[in-house]
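Descriptive structure summary
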Amino acid sequence: MTAPLRTGEPITVNVALGDRSYDIAIGRGLLATLGARIARLRPGCKAAIVTDETVARHHLAATESVLTAAGIAVSTAKVPAGESSKSFRFFERVCDDLLAARIERGDLVVALGGGVVGDLGGFAAAVVRRGVDYVQVPTTLLAQVDSSVGGKTAINSSHGKNLIGAFYQPILVVADTALLDTLPERQFRAGYAETVKYGLLGDAAFFEWLDANWREVFAGGPAREHAIAVSCRAKAAIVARDERETGDRMLLNLGHTFGHAFEAAAGFSDRLFHGEAVGLGMALAFEFSARRGLISKADADRVIAHLAAAGLPTHVKAVPGGNWPTVDAMMNLISQDKKVKRGQLTFILVRGIGQAFVTREVGPDEVRAFLAEKLSVR
Ligand code: GLY
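Residues numbered from 1 in each chain as written. Predicted model: local features only at pLDDT ≥ 70, side-chain atom pairs only at ≥ 80, totals over all residues. Heavy atoms only, no water.

1. Let's talk about the overall build of the chain
Within the chain, the secondary structure is distributed over 13 helices and 11 strands. Taking 378 residues into account, the globule formula puts the C-alpha radius of gyration at 21 Å, and the chain, at 20 Å, falls close to it. Judged by the C-alpha coordinates and their principal axes, the chain covers about 60 × 45 × 40 Å. Relative to its full complement of 378 residues, the chain shows a buried share of 56%. For the chain, long-range pairs separated by at least 24 residues make up 75% of all intrachain contacts whose partners lie at least 6 apart in sequence. Of the roughly 14,900 Å² of accessible surface on the chain, a fraction of 50% belongs to carbon and sulfur atoms. In the chain, 43 side chains carry a positive charge and 40 a negative one; their mean positions are 2 Å apart. (Helix = DSSP H or I, 4+ residues; strand = E, 2+ residues; numbered from the N terminus. Rg over C-alpha atoms; globule rule 2.2 N^0.38 Å. Buried < 20%, exposed > 50% of the residue type's maximum accessible area, 1.4 Å probe, protein only. Contact = heavy atoms within 4.5 Å. Areas by Shrake-Rupley, 256 points an atom, 1.4 Å probe, with all protein chains shown as cover. Lys, Arg positive; Asp, Glu negative; His and termini not counted. Charge placed at Lys NZ, Arg CZ, Asp CG, Glu CD.)

Okay, here's the thing in structure tokens:
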């Protein structure tokens with residue numbers, strides 16, 4: 001984390017996965033280099049841009065023009081903005097659009113958007129013609145620090161989030177930090193939850209730095225690029241050693257077990273964005289860890305205060321709308337978590353700030369009692 005802040009120059013982080021290794025290029029204005037980068041990696045290819053209607057309004061014309069300028073023929077598949085596009089219906093539509101545009105092996109998909117578009121476009125790329133290459137061009141903070149890196153692609157099921165998908169790595173990630181200038185502040189805050197997650201799970205010094213500098217990260221400039229680069233380096237290192245989430249990669253799910261359940265209970269709606277759910281889930285994971293005597297209450301309170309100062313929900317009543325399902329229904333949602341193994345819940349808890357660990361030793365009764373208490377607070 002301690003590498004000095006860099007000003008202006010792009011930063012490259014490599015995800016080391018043998019012959020499937022790829023670069024994450026991070027910096028202001030990098031969209032302008034997308035065409036040249038793709039033409040270098042896949043000379044003569046065509047590209048299909050998968051995007052959503054909101055991102056298209058801001059960035060589609062510029063993306064088409066940099067690709068065309070590099071001699072790349074472009075088609076576009078557009079879906080509505082929002083989590084509801086991560087569905088079978090829109091997945092089918094995107095696959096059909098790619099086939100109609102005659103995207104072949106040797107061509108590629110450019111996923112231009114936030115986590116929804118990245119997951120949907122990446123999953124379509126994974127299955128169309130049994131796999132075509134794809135490039136992630138993340139346009140939200142959440143996608144730049146987390147979802148565009150590491151090859152998790154998916155759509156949602158009525159049984160829960162991201163339950164239908166594939167591990168399928170992109171060949172390049174281009175994170176143009178200038179694209180975040182058009183991001184609504186609430187979306188930026190949601191992405192910040194996934195940024196601070198890297199400090200909380202494994203890098204106490206990064207948490208300290210964020211605690212001192214988060215306002216600069218929100219304001220933009222070198223602090224923002226630094227935070228994105230540190231996050232991508234942390235994620236790249238974890239993915240390189242555990243691509244398919246059999247061990248360490250589960251640490252990246254800090255805050256996600258509780259978070260996904262609340263997100264599902266809120267109907268994957270604007271009531272609670274994914275990053276907000278992760279913020280809430282991390283606050284609950286720290287509180288739960290403190291109750292178990294794993295971490296001091298002072299440290300847990302410090303983390304919760306940081307999340308709250310950054311504008312993230314840290315308790316259930318901070319989420320608008322109230323009216324949560326029963327504890328049994330919440331437990332049912334938790335039991336659909338992808339980390340559940342032979343029926344046993346898997347939790348990411350903490351022994352300190354920056355010291356997360358994976359445990360299967362949390363009984364359902366303990367979780368049920370904790371949730372019952374949280375849901376009853378008015
Ligand atoms: N977002 C968690 C992971 O990529 O593993």
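The structure having been displayed, the exposition proceeds.
2. Considering the site of the ligand
Surveying the vicinity of the ligand reveals the residues Asp146, Lys152, Lys235, Arg249 and Leu252. In this structure, an oxygen atom belonging to the ligand sits 2.9 Å away from a side-chain N or O atom of Lys152. The separation between an oxygen atom of the ligand and a polar side-chain atom of Lys235 is 2.5 Å. Contact with the protein chains hides 91% of the accessible area of the ligand, taken as 200 Å² for the molecule alone. Classifying every residue of the shell around the ligand by side-chain character gives 1 nonpolar, no polar and 4 charged. (Near = heavy atom within 4 Å. Polar contact = N/O pair within 3.5 Å; in protein donor to acceptor, adjacent residues only side chain to side chain. Nonpolar A, V, L, I, M, F, W, Y, C, P; charged D, E, K, R; others polar.)

3. Quick word on the packing of helix 6 (residues 185–202) against helix 10 (residues 274–291)
Axis separation between helix 6 and helix 10 bottoms out at 7 Å; the angle between their running directions is 40 degrees. By the angle between their directions, the pair helix 6 and helix 10 is classed as oblique. Seen along the crossing, helix 6 lies across helix 10 with a hand that is left-handed. Here Arg186, Ala190, Ala193, Glu194, Val196, Lys197 and Leu200 of helix 6 come into contact with helix 10, specifically with His274, Gly275, Glu276, Val278, Gly279, Met282 and Phe286. (Axes fitted to C-alpha atoms, helices over the stretch in contact; angles between N-to-C directions. Parallel < 35°, antiparallel > 145°, perpendicular 65-115°, else oblique. Left-handed = near helix turned anticlockwise from the far one by under 90°.)

4. Re the pattern of salt bridges
With the rule as written, the count across this model stands at 25 salt bridges. A salt bridge links Glu263 to Lys161, with the shortest nitrogen-to-oxygen separation between them at 3.2 Å. In this pair, Glu263 sits in helix 9 (residues 256–265) while Lys161 sits in strand 8 (residues 160–167), placing the two residues 102 residues apart along the sequence. Comparing Glu263 with Lys161 shows no difference in burial state: the two are buried. (Salt bridge = Lys/Arg side-chain N within 4 Å of Asp/Glu carboxyl O.)

5. A word on the sheet that holds strand 5 (residues 108–113)
Sheets are built from strands paired through backbone hydrogen bonds, the pairs being either parallel or antiparallel. The 7 strands are arranged 1-2-9-6-5-3-4 in an open sheet whose pairing can be described as mixed. Looking at the sheet topology across the chains shown, the edges are occupied by strand 1 (11–15) and strand 4 (74–79). Across the sheet, the mean angle from the axis of one strand to that of its neighbour is 20 degrees, orientation sign disregarded. Along the sheet face, helix 1 (residues 34–41) touches strand 2 (22–27), strand 5, strand 6 (133–138) and strand 9 (172–176) and points at about 170 degrees away from the line of strand 9. Packing of helix 8 (residues 222–241) onto the sheet brings it into contact with strand 1 and strand 2, and relative to strand 1 it is tilted by some 15 degrees. (Pairing = 2+ DSSP bridges.)

6. Topic: the packing of aromatic side chains
This model, assessed by the stated rule, comprises 12 aromatic pairs. Judged by centre distance (5.7 Å) and plane angle (10 degrees), the rings of Tyr134 and Tyr168 are stacked. Of the two residues, Tyr134 sits in strand 6 while Tyr168 sits in the loop between strand 8 and strand 9, which places them 34 residues apart along the sequence. Between Phe288 and Phe370 the ring centres are 5.0 Å apart and the planes differ by 65 degrees, which places this aromatic pair in the edge-to-face class. Here Phe370 lies in helix 13 (residues 364–376) and Phe288 lies in helix 10, a separation of 82 residues in the sequence. Judged by its relative accessible area of 3%, Phe370 is buried. One aromatic cluster is present, built from ring pairs that chain together Phe188, Tyr192, Trp214 and Phe218. Positioned above the aromatic ring of Phe273 is the side chain of Arg186, whose terminal nitrogen or guanidinium carbon lies 3.8 Å from the ring centre. Sitting over the ring of Trp324, Arg271 keeps its end group 4.3 Å from the ring centre. (Phe/Tyr/Trp six-rings, centres within 6.5 Å; stacked < 30°, edge-to-face > 60°. Lys NZ or Arg CZ within 6 Å of the ring centre and 35° of its normal.)

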